[in-house]
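Report on the structure
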Amino acid sequence: MAHADVTLAYARRAGEYAAALGSIAATHPSDRALIETWASEAPGPLLDAGCGPGHWTAFLRARGYDARGIDAVPEFLELAAECFPGTPVALGDLDRLDAPEDTFGGVLAWYSTIHHGPERIGVPLAEFARVLRPGGRLLLGYFEGPETAPFAHAITRAHRYAEADLRRAVERAGFEVFEAHRRSGRGHRPHGALLCELPAAA
């Protein structure tokens, strides 16, 4: 699916999405713990890549981290300004990040790459590697499955990934995966998360 089509699909349902998922109260406690641990170990400022309505960016800033968010959907940024005043969020594209090399100590991509199929996932991953400092940390949240395949997401078509396939894509972008998490439960799709590090120069 074209990048512009995904953006438009979210724009049409931004308010509905934010009402259902755009608050920390709607998140799982284990996800909050994982994201805060990642943030505490990242060596520098943080980028919430695909921040949606800004709840994770606000969560990180409330805990004292230097975090900012970007998203391709203007309607999400309007909601972020309304719900989380003062939280730095801006229009941006995961496939073409508007930041110099070595800018960030950590990139959070929490389900923001689920609409990138196997043929395109390498594009944002390469951008994350470009803007991270050596030793920087990427936390990638995704829908996990026994095989990599598209599925009918509530907003528009998305992809679930087999962990091994996503690991290979992340490693091709230059990262080392040092930790993997999986969460499943009644009534929702299995969730996965990969903690990755950009190796420091030798």
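Refer to the structure above for everything that follows.
Time to look at the pattern of salt bridges. A side chain of one charge can pair with a side chain of the opposite charge if their charged atoms are brought near each other. Under the criterion given, the structure shown has ten salt bridges. Among the salt bridges present, the one from Arg167 reaches Glu163, with a minimum N-O distance of 2.8 Å. Here Arg167 pairs with Glu163, and both are found in helix H7 (residues 163-172), just four residues apart, close to one helical turn. Under the relative-accessibility criterion, Arg167 is labelled partly exposed at 25%. Take Glu163: its relative accessible area is 27%, and that puts it in the partly exposed class. Residue Asp165 pairs with Arg168 through a salt bridge whose shortest N-O separation is 2.4 Å. Taken together, the residues Asp165 and Arg168, both in helix H7 and three residues apart, mark about one turn of the helix.

The subject of this paragraph is the environment of Gly92. Tracing the backbone shows Gly92 in the loop between strand S3 (89-91) and strand S4 (104-110). A relative accessible area of 18% means that Gly92 is categorised as buried. Gly92 has contacts with Ile70, Asp71 and Ala72, leaving out every residue within four places of it along the chain.

Thresholds applied
Along each chain, residue indices are assigned from 1 in the same order as the chain's sequence is written. Reporting of local features is limited, given that this is a predicted model, to residues whose pLDDT is at least 70; pairs of side-chain atoms are given and counted only at 80 or more, and all residues count toward the totals for whole chains, interfaces and linings. By convention in this description, side-chain values take in all heavy atoms of the structure and omit both hydrogens and water. Salt bridge, as used here, is a side-chain nitrogen of Lys or Arg placed within 4 Å of a carboxyl oxygen of Asp or Glu. In DSSP terms, a helix is any run of H or I states spanning at least four residues, a strand is any run of E spanning at least two, and both are numbered starting from the N terminus. Any residue under 20% of the maximum accessible area for its type is buried, any over 50% is exposed, and the rest in between are partly exposed; the area is computed with a 1.4 Å probe on protein chains only. The contact definition used throughout considers only heavy atoms, calling two residues in contact when any of these lie within 4.5 Å.

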